[in-house]
Amino acid sequence: MAQSLLIYAQTTTYQQAQGQIAIGSGGLFGQGFNVSNLLIPVRESDMIFTVIAEDFGFIGSVLVITLYLLLIYRMLKITLKSNNQFYTYISTGFIMMLLFHIFENIGAVTGLLPLTGIPLPFISQGGSAIISNLIGVGLLLSMSYQTHLAEEKSGKTRFKRKKVVLKKVK
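What you see is a predicted model; the values in this text were computed from it and never measured.

What counts as what
Residues numbered from 1 in each chain as written. Predicted model: local features only at pLDDT ≥ 70, side-chain atom pairs only at ≥ 80, totals over all residues. Heavy atoms only, no water. UniProt positions renumbered as here; feature names shortened; annotations may be inferred. Helix = DSSP H or I, 4+ residues; strand = E, 2+ residues; numbered from the N terminus. Salt bridge = Lys/Arg side-chain N within 4 Å of Asp/Glu carboxyl O. Buried < 20%, exposed > 50% of the residue type's maximum accessible area, 1.4 Å probe, protein only. Expected span 1.5 Å × (residues − 1). Polar contact = N/O pair within 3.5 Å; in protein donor to acceptor, adjacent residues only side chain to side chain. Axes fitted to C-alpha atoms, helices over the stretch in contact; angles between N-to-C directions. Parallel < 35°, antiparallel > 145°, perpendicular 65-115°, else oblique. Left-handed = near helix turned anticlockwise from the far one by under 90°. Contact = heavy atoms within 4.5 Å. Nonpolar A, V, L, I, M, F, W, Y, C, P; charged D, E, K, R; others polar.

Moving on to the UniProt feature "transmembrane region" (unreviewed entry) in the protein chain. When the UniProt feature table is mapped to this numbering, "transmembrane region" (unreviewed entry) covers residues 56-74, 86-103 and 123-143. Secondary structure across residues 86-103 comprises 100% helix and 0% strand; the distance between its end C-alpha atoms is 26 Å.

Here you go:
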């Protein structure tokens, strides 16, 4: 009996089942920051959404998803405003990658999809994933800046930045 439990505890089914129990135990408002009663293996990377749901409950989970939707909305706004086709392709690819990672991670944690090891963007522990996400956000910020400069040059928008003139002090 004990050996079969040990074998079961080392499978992904155990991790997913414990994750679902943790999400359910969070309730509406959660158990509180860093209060954890369940053993979920690798919770800092793949299963970080279970920690959010357990600590901050349904309200915290909805807040995280709302922040992701706000981020995606702002990225789409930058993409639609851009007048460069290459920039549009880059930003569309990054937005789709981000959406896929969010959907896949939350879907895997809730049991809708199988666990694959895809991290939750900007929250999960993972060196290369956070670097690639930050590069993508940097590219989108650069796109927004370049679009803004092109609009200022063409006269579509008012000049919003202050000109600074440096004078020599005698």
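Time to look at the pattern of salt bridges. Under the definition given, this model contains one salt bridge. Across the pair Glu151 and Lys81 runs a salt bridge whose closest N-O atoms are separated by 4.0 Å. Linking Glu151 in helix H5 (residues 127-154) with Lys81 in helix H3 (residues 48-81), this pair joins segments that are 70 residues apart in sequence. Among the residues examined, Glu151 registers a relative accessible area of 14% and is labelled buried.

On to helix H4 (residues 85-110). With 26 residues, H4 extends 37 Å between its outermost C-alpha atoms, agreeing within 8% with the 38 Å of an ideal straight helix rising 1.5 Å per residue. With a side-chain oxygen positioned 3.0 Å from the backbone nitrogen of Phe86, the residue opening H4 is Asn84. Phi for Gly111, located one or two positions after H4, is positive at around 95°.

Orientation of H3 relative to H4, taken along the N-to-C sense of each, is 165°, at an axis distance of 11 Å. What the angle tells us is that H3 and H4 run roughly antiparallel. Crossing geometry of H3 relative to H4 is assigned as left-handed. For the pair formed by H3 and H4, the contact residues are Phe49, Thr50, Ile65, Tyr68, Leu71, Ile72, Met75, Leu76 and Thr79 on the first element and Thr88, Ser91, Thr92, Phe94, Ile95, Leu98, Leu99, Ile102, Asn105, Ile106 and Val109 on the second. Among the residues forming the contact of H3 with H4, the class breakdown is 14 nonpolar, six polar and no charged.

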